[in-house]
Amino acid sequence: MKQAAFWLMAFWFALVLEQARPDLFPAGSIFLPTACACIFWACTASGMLLSGVGLLAWLVINPLHIAAVCTLAVASGWLAGRLNRKRRWSDVRRKMQWAHPILAVLISFGGYLVPVLREGPPVAGFFIHWLSVGLSATLVLMIVSRLSEELGLRRQVDVLSGQR
Amino acid sequence: MNSEPNNTRLGIATAIVFAACLCVWCADQMRSLESVRMSVLNSVSPGRLVVAAISGQRSTDEATPDLQLEQLQADLLTNELQRRQLIIENAQLHRQLEHLSRLNEINSVSGFDLVEFASVPAHVLSRPEIPDSLRTLFIDAGASQGLRESGLVVDGTGLVIDRGERFSLVPGMKVTTGRAVIGRISAVSRWVSMVQLTTDADFSAAVQIVRMDSLRPSFGARGLLEGTGDGLCRVTGIPYTSAVAVGDEIFSADIDQINGPRLYYGRVTRAEYNEGGEWEIVVTPGVAPDTVERVDVIHPVMNTATGQHDGGP
């Protein structure tokens, strides 16, 4: 429950940042990495559902970017599923690749470009800005995630089922 | 989480999220998400305001002059576009208001109380003459009702309008658009009528010159307006002692020799003395007939509704 509350607050704060400063944080550059981090943090169905709630809220505000949401959900689900095949949590943690969240964010960025390209070719600065912010947010979230594991702050509990 | 990793459950959850996203997108396409969107935006607005308040001052300070200049130029361009759009809309509204006010004046009681001038609205069917296809159509329709061809079609040049004997139109009635005269009825059949334009060489009407002084308009000399046959009109019968100038307006002196509302004919574009001691005045019509789609046929009607002319007290 604490993890669910934490991630809901993280989603809310990501939405706040994107809504308050769209010039600094383009739509999705903070929220999509946050949702991706939630999925890879849990690597479970409940994590996916929790992230899905946030993604739905973001999609309500940005209805054009359904491709970004769908690609992120599918890519993250597939990549997290590969990690979830490990029988022990320690294996999951050990095998968790840094490339997985980054790859998921990059794939979702491809979906993000669909409505943008439909309106016209964007300038190169748009790509650089979005990717720099999005990948930076992803890296920061991954570092925080790994630090929380190393420092023993991560409870290995399914956020919805409560199983250890 | 680490008890029994279940890849199937994760796939199902992904599918659920995917389906939910599609549902949200479809709901947005049906415009049924506005209230939900407002709720979500309201939920983030407190934090958004706090972040904007904290970062607003800093962002203003950090903004370079070039960025500020670009922003100002973009704002200026946007305002200019909005201003032009408003000017266009204002002109359109002004024209509509002018047209409606003129029409209202025509439709309202005018001239003597005993006689009113009413208008019969009509559509322009064709110009400058009745086409063969329409002629055939009328003849076929009339034949089925036992009518002769002479009562169905009209000859001549001008505008063909879709009102005829059934609306009590008779030759000589003035035809206007708004309050500007474009001609008069020259021939009437059962369903259509022919309009002789003011620029036609056979057209003539009594007119009066109105001078537009700085303070108010003043009526000038009366004369006879005639068509020249080349898209213009001329006014004859104005003695050289009368004051005439380019830019003066030409209004009707009467309607079918009845004192009534002043109808507009056009503007003086050339005024010179001729050898006969009269002004040679060229008038440009106020309305281009090629652009007219709807017209009004003006005709006098007796005002017997009030009863004050029936010998009452």
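Quick caveat, the model's predicted, so the values are computed rather than measured.

Reading the values: rules and limits
Per-chain numbering applies: the sequence of each chain, read as written, is numbered from 1 onward. The naming scheme follows written order: chains are lettered A onward, ligands numbered 1 onward. Local features in a predicted model are, by the rule used here, given only for residues with pLDDT of at least 70; side-chain atom pairs are given and counted only at 80 or more, and totals for whole chains, interfaces and linings are based on all residues. Elements are defined by DSSP. Helices are runs of H or I of four residues or more, strands are runs of E of two residues or more, and each kind is numbered from the N terminus. Exposure classification rests on a simple neighbour count of other C-beta atoms within 10 Å of a residue's own: a residue reaching 20 or more is buried, one at 12 or fewer is exposed, and one in between is partly exposed. C-beta atoms are placed from the backbone. Each residue is represented by a C-beta atom placed from its backbone, and any two residues with such atoms within 7 Å are regarded as in contact. For helices, the fitted line uses only the C-alpha atoms of the stretch in contact; every axis is such a line through C-alpha atoms, and the angle between N-to-C directions lies from 0 to 180 degrees. For classification purposes, angles smaller than 35 degrees are called roughly parallel, those larger than 145 roughly antiparallel, those between 65 and 115 roughly perpendicular, and all remaining angles oblique. Handedness of a crossing is defined here by the sense of rotation of the near helix relative to the far one, left-handed for an anticlockwise turn of less than a right angle and right-handed for a clockwise turn. Between any two strands, at least two bridges found by DSSP are needed for them to pair. A set of buried Ala, Val, Leu, Ile, Met, Phe, Trp, Tyr and Cys residues, joined through C-beta atoms within 7 Å, is what we mean by a nonpolar core. Here a helix's expected span is defined as the number of its residues, less one, multiplied by 1.5 Å. Along the chain, pLDDT gives the predictor's confidence residue by residue, from 0 to 100. All residues other than Ala, Val, Leu, Ile, Met, Phe, Trp, Tyr, Cys, Pro, Asp, Glu, Lys and Arg, Gly among them, are scored as polar; the first ten of these are nonpolar and the last four charged.

### Let's talk about the overall build of chain A
Helix and strand counts for chain A stand at 7 helices and 0 strands. When its helices and strands are written in sequence order, chain A yields α-α-α-α-α-α-α. Counting all 164 residues of chain A, 46% fall into the buried class. Taking the contacts inside chain A whose residues are at least 6 apart along the sequence as the reference set, 72% of them involve residues at least 24 apart.

### Side note on the overall build of chain B
When helices and strands are tallied, chain B shows 4 helices and 12 strands. Residues classed as buried in chain B amount to 28% of the 313 residues present. Across chain B, the fraction of contacts at a sequence separation of at least 24, relative to all contacts at a separation of at least 6, is 62%.

### Describing the packing of helix H1 (residues 2-20) of chain A against helix H3 (residues 45-61) of chain A
Residue and element names in this part refer to chain A. Two elements in contact, H1 and H3, have axes whose closest approach is 10 Å; the angle formed by their N-to-C orientations is 20°. Comparing their axes, H3 and H1 come out roughly parallel. Crossing of H1 over H3 shows right-handed handedness. Taken together, the residues of H3 that come into contact with H1 (itself represented by Ala 4, Trp 7, Phe 11 and Leu 15) are Leu 50, Gly 54, Ala 57 and Trp 58.

### What about unusual backbone geometry?
Of note in the backbone geometry, Ser168(B) takes a positive phi value of approximately 60° without being a glycine. Counting through the fold element by element, Ser168(B) comes out in the loop between strand E2 (159-161) and strand E3 (174-177).

### Here we look at the pairing of strand E10 (residues 264-273) of chain B
Bridge count between strand E9 (residues 249-252) of chain B and E10(B): 3 bridges; the pairing is antiparallel. Across the sheet, Ile250(B) pairs through a bridge with Gly266(B), a residue of E10(B).

### Points about the nonpolar core
Among the nonpolar cores identified, the biggest contains 53 residues, and Cys36(A), Val69(A), Leu72(A) and Cys21(B) are the most heavily contacted of them. The biggest single contributor to this core is helix H2 (residues 31-42) of chain A, with 10 residues. In this structure Cys36(A) touches Leu72(A), Ser76(A), Pro101(A), Ala104(A), Val105(A) and Thr138(A), once residues within four positions along its chain are discounted.

### Things to note about helix H1 (residues 7-29) of chain B
Residue and element names in this part refer to chain B. Counted at 1.5 Å a residue, the expected span for H1 with its 23 residues is 33 Å, and the 33 Å between its end C-alpha atoms agrees. All of the buried residues along H1 are Leu 10, Ala 13, Thr 14, Val 17, Cys 21 and Val 24. Of the residues trailing H1, Arg 31 is marked for its positive phi of about 60°.

### Observations regarding the pairing of E3(B)
Residues and elements named next belong to chain B. Burial along E3 is two-sided: the residues Lys 174 and Thr 176 and Val 175 and Thr 177 are all buried. The antiparallel pairing of E3 with strand E4 (residues 180-188) creates a hairpin that spans 2 residues between the two strands, and Gly 178 there sits at a positive phi of about 70°. Summarising the sheet, E3 and strand E12 (residues 294-302) pair through 3 bridges and their orientation is antiparallel. Counterpart to Val 175 in the pairing with E12 is Val 297.

### A few points about H3(A)
With 17 residues, H3(A) extends 25 Å between its outermost C-alpha atoms, agreeing within 8% with the 24 Å of an ideal straight helix rising 1.5 Å per residue. For H3(A), a buried count of 14 out of 17 residues is recorded, marking the element as mostly surrounded by other parts of the structure.

### Quick notes on the confidence of the model for chain B
All names here are of chain B. The pLDDT averaged across chain B works out to 78; a share of 83% of its residues lies at or above 70. Across residues 1-5 the pLDDT falls below 50, and counting only partners more than four positions away or on other chains, this stretch makes 16 contacts in the model. Model confidence for the complex is summarised by a pTM of 0.44, with the ipTM given as 0.76.

### Some words on the packing of H1(A) against H2(A)
Residues and elements named next belong to chain A. Between H1 and H2, whose axes approach to 9 Å, the crossing angle comes to 170°. The angle between H1 and H2 places the two elements in the roughly antiparallel class. When the axes of H1 and H2 are compared, the crossing they make is right-handed. Contact residues: Trp 7, Ala 10, Phe 11, Ala 14, Leu 15 and Glu 18 in H1; Phe 31, Thr 34 and Cys 38 in H2. Among the residues forming the contact of H1 with H2, the class breakdown is 7 nonpolar, 1 polar and 1 charged.

### Side note on the confidence of the model for chain A
For chain A, the mean per-residue pLDDT works out to 75, and 76% of the residues sit at or above 70. Of the regions scoring below 50 in pLDDT, residues 157-164 of chain A engages in 19 contacts with residues more than four places distant in sequence or in other chains.

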